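For reference, the chains in residue letters:
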Amino acid sequence: MESIAFIVLSILALASALVVVLPVVRNAVVCALALAVNLICVAGFFFLLQAQFIGFLQIIVYAGAIMVLILFVLMLLNVHDERHLGSSGFFQRYLGPLLAVGFVALLVTSLVASLQGAEFPRAGAAYGTVATLGQELFTRFFYPFEAISLLLVVAMIGAVLLAKRRL
Amino acid sequence: MPLGPEKFLILSAVIFALGVLGVLLRRGAISILMSIELMLNGANLAFIAFARQFGQAEGQIYVFFIITLAAAEAAVGLAIVIALFRLGDSTDVDELSLLKW
């Protein structure tokens, strides 16, 4: 059951990631919607890994808020088509894909060599629940938590300042 | 076929590399931002898989922080794209060479 879900989700995730990445697809709105599909698939992986809270956070914040922001800007600026496809530089165009494939090969060989046949241990009932994560957030990770709220305020002010025509 | 960490980690590596490829191949500023989101997602998946393997909540806390950072990054990045579009009527990164000499 779980492995069927994994296979279906990974096919969907890889296909949607390819639509986002490959410069064959001209329409940027299609890319944004494919990215939303990819984000929801990754949320499905989080559920498979029993991280329920993070999975819902992924759907609400990523697939909800951030995707709406990206689509809003795309439609505001009306840049539906990229003018020329692919990068102009020779190295970027031909060496980039080659290096990306090499990077994947390197990671996969090292991962397979070190984790061959490892299985997940049994998780406790409290693993990945809001209660467990909240406990950690407000005790051990209290200062980072407060710092990140400050960062959000700074980002908000910065975004308003940058996008405003005249102050 | 029981699920192990290696399948998730390989998948996260592939998603990350696809994001790198998108940054290299795409020329629209917003498309590049979307590819960066893809890379962040690959890293998140690796964090969650390791957290599950070791049965600890730290990995999930880091993903929580990364998602928050991604939201801040997207907001500022898109604001910069809007400002650039006002300046040059284009979001093509090849045409934005104002800071080059």
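Residues numbered from 1 in each chain as written. Chains lettered and ligands numbered in written order. Predicted model: local features only at pLDDT ≥ 70, side-chain atom pairs only at ≥ 80, totals over all residues.

Q: What should I look at first to understand the overall build of chain B in this one?
A: Scanning chain B for helices and strands turns up three helices and zero strands. For chain B, the succession of helices and strands along the chain, N to C, is α-α-α. Radius of gyration (C-alpha) of chain B: 17 Å, far over the 13 Å computed for a compact globule of 101 residues. Residues counted as buried form 55% of the 101 residues belonging to chain B. Long-range pairs, those at least 24 residues apart, make up 49% of the contacts in chain B with a sequence separation of at least 6. (Helix = DSSP H or I, 4+ residues; strand = E, 2+ residues; numbered from the N terminus. Rg over C-alpha atoms; globule rule 2.2 N^0.38 Å. Buried ≥ 20, exposed ≤ 12 C-beta atoms within 10 Å, placed from the backbone. Contact = placed C-beta atoms within 7 Å.)

Q: How should the overall build of chain A be read in this particular structure?
A: Looking only at helices and strands, chain A has six helices and zero strands in total. When the helices and strands of chain A are listed from N to C terminus, the series reads α-α-α-α-α-α. By the compact-globule yardstick of 15 Å for 167 residues, chain A is too spread out, its C-alpha radius of gyration being 20 Å. The buried share among the 167 residues of chain A stands at 24%. Considering only contacts in chain A between residues 6 or more positions apart, those separated by 24 or more positions represent 59%.

Q: I would appreciate a short explanation of the nonpolar core in the present structure.
A: Nonpolar side chains tend to gather and get buried jointly when the protein is soluble and globular. By size, the foremost hydrophobic cluster in this structure holds 69 residues, and its most contacted members are A:I70, B:I30 and B:I48. Those elements giving two or more residues to this core turn out to be helix 1 (2–21), helix 2 (28–48), helix 3 (52–77) and helix 6 (142–163) of chain A together with helix 1 (5–25), helix 2 (29–54) and helix 3 (58–88) of chain B. No other element matches helix 1 of chain B, which puts 14 residues into this core. Shared between two domains, this core holds at least three residues of each, these being domain 1 (1–83) and domain 2 (129–167) of chain A. Apart from residues lying up to four places away in sequence, A:I70 is in contact with A:A32, B:I30, B:M34, B:A74 and B:L78. (Core = buried A, V, L, I, M, F, W, Y, C linked by C-beta atoms within 7 Å. Domains from an automatic or database assignment.)

Q: Would you mind going over the confidence of the model for chain B with me for this structure?
A: Caution is warranted with low-pLDDT regions, since their predicted coordinates should not be read in detail. Residue and element names in this part refer to chain B. On average, residues of chain B score 88 in pLDDT, and 97% of them are at 70 or above. Helix 1 is the least confidently modelled element of chain B, averaging 89 in pLDDT, while helix 2 averages 92, the highest of any element. Predicted as a complex, the structure gets a pTM of 0.90 and an ipTM equal to 0.90. (pLDDT = per-residue confidence, 0-100.)

Q: Just to check I follow, could you spell out the packing of helix 3 of chain A against helix 2 of chain B for this structure?
A: In a pair of packed helices, the angle between the axes and the distance between the axes together describe the arrangement. One can describe the packing of helix 3 of chain A onto helix 2 of chain B by two numbers: an axis separation of 12 Å at closest approach and a directional angle of 175 degrees. Looking at the two axes, helix 3 of chain A sits roughly antiparallel to helix 2 of chain B. Side by side, helix 3 of chain A and helix 2 of chain B meet where A:I54, A:I70, A:V73 and A:L74 of the first sit next to B:I30, B:M34 and B:I48 of the second. Of the residues in the contact of helix 3 of chain A with helix 2 of chain B, the class split is seven nonpolar, no polar and no charged. (Axes fitted to C-alpha atoms, helices over the stretch in contact; angles between N-to-C directions. Parallel < 35°, antiparallel > 145°, perpendicular 65-115°, else oblique. Nonpolar A, V, L, I, M, F, W, Y, C, P; charged D, E, K, R; others polar.)

Q: How should the packing of helix 2 of chain B against helix 3 of chain B be read in this particular structure?
A: All names here are of chain B. Orientation of helix 2 relative to helix 3, taken along the N-to-C sense of each, is 175 degrees, at an axis distance of 9 Å. The angle between helix 2 and helix 3 falls in the class roughly antiparallel. Facing A29, I30, L33, E37, L40, A43, N44, F47, I48, F50 and A51 of helix 2, the residues of helix 3 in contact are E58, G59, Q60, Y62, V63, I66, A70, A74, G77, L78, V81 and L84. Of the residues in the contact of helix 2 with helix 3, the class split is 17 nonpolar, four polar and two charged.

Q: What should I look at first to understand the domain arrangement of chain A in this one?
A: How large an interface is tends to be reported as the accessible area lost when its parts come together. Taken domain by domain, chain A comprises domain 1 (1–83) and domain 2 (129–167). Put simply, the middle of domain 1 of chain A and the middle of domain 2 of chain A, counted by C-alpha atoms, are 23 Å apart.

Q: Before we go on, may I ask you to explain unusual backbone geometry in this structure?
A: Note on backbone geometry: most residues besides glycine have negative phi, and most peptide bonds are trans. One non-glycine residue, A:Q50, adopts positive backbone phi at about 60 degrees. The topology assignment puts A:Q50 in the loop between helix 2 and helix 3.

Q: Is there a simple way to explain the interface of chain A and chain B in this structure?
A: Across the contact, 77 residues belong to chain A and 63 residues belong to chain B. The set of elements that each furnish at least two residues to the side of chain A that touches chain B consists of helix 1, helix 2, helix 3, helix 4 (90–115), helix 5 (130–137) and helix 6 of chain A. Top contributing element to the side of chain A that touches chain B by residue count: helix 3 of chain A, with 12 residues.

Q: Explanation requested: helix 2 of chain B in the structure shown.
A: A rise of 1.5 Å per residue sets the reference length of helix 2 of chain B, with its 26 residues, at 38 Å; its end C-alpha atoms lie 38 Å apart and thus fit the reference within 8%. Within helix 2 of chain B, 20 of the 26 residues are buried, leaving the element largely enclosed by the surrounding structure. (Expected span 1.5 Å × (residues − 1).)

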